[in-house]
Amino acid sequence: MAGFTGSCFVCFKVSRIAWLLCKRTEHTVCRTFTSGSTTRQQQLSSARGSICRLESMELPSVGAKSVLVKLLAAPINPSDINMIQGSYAILPDLPAVGGNEGVGQILEVGSQVKALRPGDWVIPRDAGLGTWRTAAVLAENDVISLPNDIPLFSAATLGVNPCTAFRMLSDFEELKPGDTVIQNAANSGVGQAVIQIAAARGIQTINVVRDRPDLTQLIDRLKTMGASHVIKEETLRRHEMKELFKTCPRPKLALNGVGGKSATELLRHLQVGGSMVTYGGMAKQPVTVPVSALIFKNVKVKGFWVTQWKRTHSQDEGALRGMLDELCSLIRQGKLTAPACSEVGLQDFRKALDTAMQPFTSAKQVLVM
């Protein structure tokens, strides 16, 4: 489809820590720099400020093993911001298009493409694909199909957080109905998916959240999703925990998306031989493991990154396919819903980036093309 033009965010690197998102018309490029000595707050500000612009570019022709995809919706995740800042584990060669997650629709397929057809919905198989754009020509193996009978935002937010929750609930401890999982960051995208998937499996959850002005509403919302218990961070260190464990067994599994003191407190409440899995570090503090937990409780401390899981299983089509099918089945049954989402047009990306970086943000910002 020669001559097809799309719009996208594009990042260019022009010095050691110099990033920009710009608009290009023929030969015009707008540039903004952040120096290597800038503070984190300055980097955050630059990531959401005037340096963010759209670029129009002509797409290449569809090759024999490639597909033309119209992007429909793509969320802004913390990892996307970290990638722009240069602090994520994946740093693409620049120039690059932002966005690791989203859903698109196949418009055209190459002559040797067998598994995909026009009209199919697809999501990225791996991070770094660049989903903040209106259209792309991609290799057939870069995407995997989804049923188009699930809600758009469920499809757009399926590939990262629900997959992370699914694997952590499946791969580290043999959980049975009635068992307990404890997690911090319970209001995050992963946290909400953990609540719902666990509830569908009959697993109880103790969900730790930060105190906030709308705490009562948040607790009600998480319990509506299926949360067994919702507590504040401070409660982890109080006598109330002993009372709580009179109503449910101590957890076999702790899921840590925060780090620091919060992670240490999760560890203290694990049953003997349990596991703590760290998948994030929002507090930007190290995980401290008490010696007693290792010696006397024999706890296991592990990490998880869904991108690495996908890469490890890249040759096992059934593993990814089976997980997505099971998640889509839960979505159809109404047992797994997308997090609260705010729909933002691609042209209003500055507003979306700014909102995504505010504390206590209750809705995920989703760019709609």
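These numbers were taken from a predicted model, which means no experiment stands behind them.

A. Focus on the sheet that holds strand 14 (residues 275-278). Ordered by their spatial adjacency, six strands build an open sheet running 12-11-10-13-14-15, and the pairing between neighbours is parallel. The open sheet is flanked by strand 12 (229-232) and strand 15 (300-303), the only strands paired with a single partner. Strand-to-strand, the axes of this sheet are offset by a mean angle of 20 degrees, without reference to chain direction. Bridge count for strand 11 (residues 204-209) against strand 12 is four bridges, and the pairing is parallel. In the sheet register, Ile 206 faces strand 12, and the bridge partner there is His 229. Of the strands in this sheet, strand 10 (180-183), strand 11 and strand 13 (253-256) touch helix 5 (residues 189-200), which is tilted by about 165 degrees from strand 11. Strands in contact with helix 8 (residues 260-268) are strand 10, strand 11, strand 13, strand 14 and strand 15; relative to strand 13, the strand with the most contacts, it is inclined by about 175 degrees.

B. Region of the structure containing the layout of surface pockets. Put simply, the second largest pocket is a space of about 280 Å³. Every residue lining the second largest pocket is counted, 15 residues in all, and those nearest its centre are Arg 125, Asp 126, Asn 141, Lys 310 and Ser 314. Mapped by element, the contributors of at least two residues to the lining of the second largest pocket are helix 10 (306-312) and helix 11 (317-332). At three residues, the largest contribution of residues to the lining of the second largest pocket is made by helix 10. For the lining of the second largest pocket, the per-class residue count stands at four nonpolar, four polar and seven charged.

C. Region of the structure containing helix 2 (residues 78-85). Burial of helix 2 is extensive: six of the eight residues sit out of reach of the surface. Of the residues making up helix 2, those classed as buried are Ser 79, Asp 80, Ile 81, Met 83, Ile 84 and Gln 85. Of the residues flanking the end of helix 2, it is Gly 86, one or two places downstream, whose phi is positive at about 85 degrees.

D. A look at the packing of aromatic side chains. In the structure shown here, the tally under the stated rule is two aromatic pairs. Measuring from ring centre to ring centre gives 6.1 Å for Tyr 88 and Trp 305, while their planes differ by 80 degrees; the resulting arrangement is edge-to-face. Highlighted residues: Tyr 88 in the loop between helix 2 and strand 5 (96-97) and Trp 305 in the loop between strand 15 and helix 10, separated in sequence by 217 residues. A ring pair is formed by Phe 172 and Phe 304, whose centres lie 6.1 Å apart and whose planes are at 85 degrees; its orientation type is edge-to-face. Of the two residues, Phe 172 sits in the loop between helix 4 (161-171) and strand 10 while Phe 304 sits in the loop between strand 15 and helix 10, which places them 132 residues apart along the sequence. Taken as a pair, Phe 172 and Phe 304 share a single burial class, namely buried. Above the ring of Phe 166, the side-chain terminus of Arg 201 is found at 5.0 Å from the ring centroid.

Reading guide: rules and limits
Every chain is numbered independently, its residues counted from 1 as its sequence is written. Thresholds applied to this predicted model are a pLDDT of at least 70 for local features of residues and 80 or more for the giving and counting of side-chain atom pairs; totals over whole chains, interfaces and linings are not thresholded and use all residues. Hydrogens and water are ignored here; the side-chain numbers use all heavy atoms of the structure. The pairing criterion for strands is at least two bridges between them, as found by DSSP. Secondary structure elements follow DSSP: runs of H or I of four or more residues count as helices, runs of E of two or more count as strands, with numbering from the N terminus. For every element, the axis is a line fit to its C-alpha atoms; helices are fit only across the contacting stretch, and the angle between N-to-C directions ranges from 0 to 180 degrees. By the convention used here, residues are in contact when the closest approach between their heavy atoms is within 4.5 Å. With a 1 Å grid laid over protein atoms only, a set of points is called a cavity when a 1.4 Å probe fits there but cannot get out and a pocket when it is open yet has protein on both sides within 12 Å along at least five of seven lines; lining residues have an atom within 4 Å of a point. Grid points are joined across faces, edges and corners, and a volume is the space filled by probe spheres set on the points. Amino acid classes used here: Ala, Val, Leu, Ile, Met, Phe, Trp, Tyr, Cys and Pro are nonpolar; Asp, Glu, Lys and Arg are charged; the rest, including Gly, are polar. When accessible area is computed with a 1.4 Å probe and restricted to protein chains, residues below 20% of their type maximum are described as buried, those above 50% as exposed, and intermediate ones as partly exposed. In summary, the pairing rule links any two rings of Phe, Tyr or Trp, Trp by its six-membered ring, whose centres are within 6.5 Å, and it sorts them by plane angle into stacked for under 30 degrees, edge-to-face for over 60 and tilted for everything else. By definition here, charges over rings are those cases where NZ of Lys or CZ of Arg is within 6 Å of the ring centre and within 35 degrees of the ring normal.

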